[in-house]
Amino acid sequence: AGVAPGRKVLYPAMPYVSYHQITRADVDALWFWLMKQPAVEVANKPNAMNFPFNIRPAVAMWNVVNRPDPKEAEPGTDEIARGKYLVNVLGHCAECHSPRTGITFAIDRSRDLGGNVIEGAYAPPLTPEAMSQRGWTKEHLVQFFRTGLSPQGSMTFRMFPVLEHSTSRMPEE
């Protein structure tokens, strides 16, 4: 859980706060899928973390204060519970679509999916109320995640890789 041999704290890879609650079955499935992919040789990049994020003990302290409970999320079997698991854990939507707290820059869970500006791009609110106000329907969402287009607009910025590598390949169910 973020600790290397010798108790060295590892720097987190986005979106580890959300993935921290992934089920064991999904971790295993992802691992098996990754092991089937062809190896790619890429040189490691040097650490480019800025102060105070370059202080490893500070990462450990941040985890104590901000990381969610380490227990697995319950994906459930009903549509609502499964949807919450897909959005909150596997989809990690809150990582961009939720405001952050001031000093620790943690996800502000009191305004979960309430919208955010991240790296200069607007990540709109994804709350049921906000989605309804903008006219989203289940059909529009399916179209958006398959094609990147909907009556409400088009995917922009960081969502293009999500479309290309993920949502456009999801099974209908």
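Just so you know, these numbers come straight off a predicted model, no measurement behind them.

A. Fine view of the overall build of the protein chain. Helix and strand counts for the protein chain stand at eight helices and six strands. Taken along the three principal axes of its C-alpha coordinates, the protein chain extends 50 × 40 × 35 Å. For the protein chain, with 173 residues in total, the buried portion stands at 23%. Taking contacts inside the protein chain between residues at least 6 apart in sequence as the whole, the part at least 24 apart equals 44%. Roughly 12,700 Å² of accessible area belongs to the protein chain as shown, and the carbon and sulfur atoms make up 62% of that amount. The averaged location of the 17 negative side-chain charges in the protein chain is 7 Å from the averaged location of its 18 positive side-chain charges.

B. Representation of a nonpolar patch on the surface in the model. Together, Trp31, Phe32, Trp33, Leu34 and Met35 line one region of the surface with nonpolar side chains, adding up to about 610 Å² of accessible area. Along the chain, methionine 35 falls in helix H2 (residues 24-35). In this structure methionine 35 comes out as exposed when scored by relative accessible area, which is 52%.

C. Spatial organisation of the nonpolar core. Counting residues in each nonpolar core, the largest one holds five residues, listed as Met131, Trp136, Phe144, Met155 and Leu163. Among all residues touching leucine 163, those that are not within four sequence positions of it are Phe144, Phe145, Arg146, Thr147, Gly148, Met155 and Ser168.

D. Here's a closer look at the confidence of the model for the protein chain. Looking at the protein chain as a whole, the pLDDT averages 86, with 95% of positions reaching at least 70. When pLDDT is averaged over each element of the protein chain, helix H6 (residues 128-133) comes out on top at 95 and strand S1 (residues 3-4) at the bottom at 74.

E. Expanded view of unusual backbone geometry. Here the phi dihedral of histidine 92 falls at roughly 40°; this positive angle occurs in a residue that is not glycine. Summarising the element assignment, histidine 92 is placed in the loop between helix H4 (79-90) and helix H5 (94-97).

F. A look at the packing of aromatic side chains. Applying the stated criterion across every chain, the model contains three aromatic pairs. Residues tryptophan 136 and phenylalanine 144 carry aromatic rings whose centres are separated by 5.3 Å and whose planes lie at 75° to one another, so their mutual orientation is edge-to-face. Grouping residues by exposure puts tryptophan 136 and phenylalanine 144 together as buried. On the basis of an interplanar angle of 65° and a centroid distance of 5.7 Å, the ring pair of phenylalanine 144 and phenylalanine 145 is categorised as edge-to-face. A relative accessible area of 13% means that phenylalanine 144 is categorised as buried. Take phenylalanine 145: its relative accessible area is 32%, and that puts it in the partly exposed class. The structure contains a cluster of three or more aromatic residues connected by ring pairs, namely Trp136, Phe144 and Phe145.

Parameters and conventions
- Residues numbered from 1 in each chain as written.
- Predicted model: local features only at pLDDT ≥ 70, side-chain atom pairs only at ≥ 80, totals over all residues.
- Heavy atoms only, no water.
- Helix = DSSP H or I, 4+ residues; strand = E, 2+ residues; numbered from the N terminus.
- Buried < 20%, exposed > 50% of the residue type's maximum accessible area, 1.4 Å probe, protein only.
- Contact = heavy atoms within 4.5 Å.
- Areas by Shrake-Rupley, 256 points an atom, 1.4 Å probe, with all protein chains shown as cover.
- Lys, Arg positive; Asp, Glu negative; His and termini not counted.
- Charge placed at Lys NZ, Arg CZ, Asp CG, Glu CD.
- Patch = residues over 30% accessible without salt bridge, like charges linked within 9 Å, V, L, I, M, F, W, Y side chains within 5 Å.
- Salt bridge = Lys/Arg side-chain N within 4 Å of Asp/Glu carboxyl O.
- Core = buried A, V, L, I, M, F, W, Y, C linked by side-chain atoms within 4.5 Å.
- pLDDT = per-residue confidence, 0-100.
- Phe/Tyr/Trp six-rings, centres within 6.5 Å; stacked < 30°, edge-to-face > 60°.

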